[in-house]
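Here is what each chain is made of, one letter per residue.
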Amino acid sequence: MSRVCQQSQLGFALRFALSMIALMVVYSHLEPLLNYAYLWPLSLAAAQLLDFFGVPTVLYEYLDQGFCALQMENNLFHIKNECTGVFFLCVFVITVVVYTTSWSAKARGVVLGVLAFFTYSVVRVVVLAIVGDLAPSLLDFFHVYLMVTLNLGFLIYLWK
């Protein structure tokens, strides 16, 4: 590998590591903002999509407490930032921003990535709600194992 390429990779790795440290420090301070800017719109979109699919759903907002609730006939889902994959989204945004490319490419990557991740997360919540309604015994497996793995896979897919 050329010396310039190695320096570029090292610079990216260093910027990424420092950004991840900064994210760990400031993430808890960002949560109230993320509740209004990401959690609530995502929960609203999921509730409307569930209604569209014939699962009557009422959205309750407890944003000051850090969650929204989706009330369906047989289930009550509490949706927190952890459920939305927002931490993976933050990792994606940071990765795009610290990558060595033009600012216009970074902006395009962030906008398209956020839209893609938001759409994916809405679908993820809707699938979990439908699984909870149709097969509640499978909900823990879907929520804890399958969907977390899919979040990571989706992050890697977007980055690729």
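Shown above is the structure to which this text applies.
Not measured: the values here are computed from a predicted model.

Rules used in this analysis
Residues numbered from 1 in each chain as written. Predicted model: local features only at pLDDT ≥ 70, side-chain atom pairs only at ≥ 80, totals over all residues. Heavy atoms only, no water. Phe/Tyr/Trp six-rings, centres within 6.5 Å; stacked < 30°, edge-to-face > 60°. Helix = DSSP H or I, 4+ residues; strand = E, 2+ residues; numbered from the N terminus. Lys NZ or Arg CZ within 6 Å of the ring centre and 35° of its normal. Buried < 20%, exposed > 50% of the residue type's maximum accessible area, 1.4 Å probe, protein only. Lys, Arg positive; Asp, Glu negative; His and termini not counted. Salt bridge = Lys/Arg side-chain N within 4 Å of Asp/Glu carboxyl O. Contact = heavy atoms within 4.5 Å. Patch = residues over 30% accessible without salt bridge, like charges linked within 9 Å, V, L, I, M, F, W, Y side chains within 5 Å. Areas by Shrake-Rupley, 256 points an atom, 1.4 Å probe, with all protein chains shown as cover.

Student: So what's going on with the packing of aromatic side chains? Residues and values would help.
Tutor: Under the criterion given, the structure shown has 8 aromatic pairs. Summarising the aromatic geometry, the rings of F117 and Y120 are spaced 5.8 Å apart at their centres and angled 70 degrees between planes, so their arrangement reads as edge-to-face. With F117 and Y120 both in helix α4 (residues 103–134) and 3 residues apart, this pair spans about one turn of that helix. Where F141 meets F142, the ring centres are 6.0 Å apart and the plane angle is 90 degrees; that geometry is what we call edge-to-face. Ring pairing ties together the aromatic residues F12, F16 and Y99, which thus form one cluster. Of note, K106 hangs over the ring of W103, and the distance from its end group to the ring centre comes to 4.1 Å.

Student: So what's going on with the side chain of R124? Residues and values would help.
Tutor: Within the secondary structure, R124 sits in helix α4. With no salt bridge to any partner, buried R124 finds its closest opposite charge in E82, at an N-O distance of 9.8 Å. Among all residues touching R124, those that are not within four sequence positions of it are C83, T84, H143, M147, V148 and N151.

Student: Please provide a residue-by-residue account of a nonpolar patch on the surface, values included.
Tutor: Together, L14, L18, I21, M24, V25, V26, L30 and L33 line one region of the surface with nonpolar side chains, adding up to about 770 Å² of accessible area. On the secondary structure map, L18 appears in helix α1 (residues 3–52).

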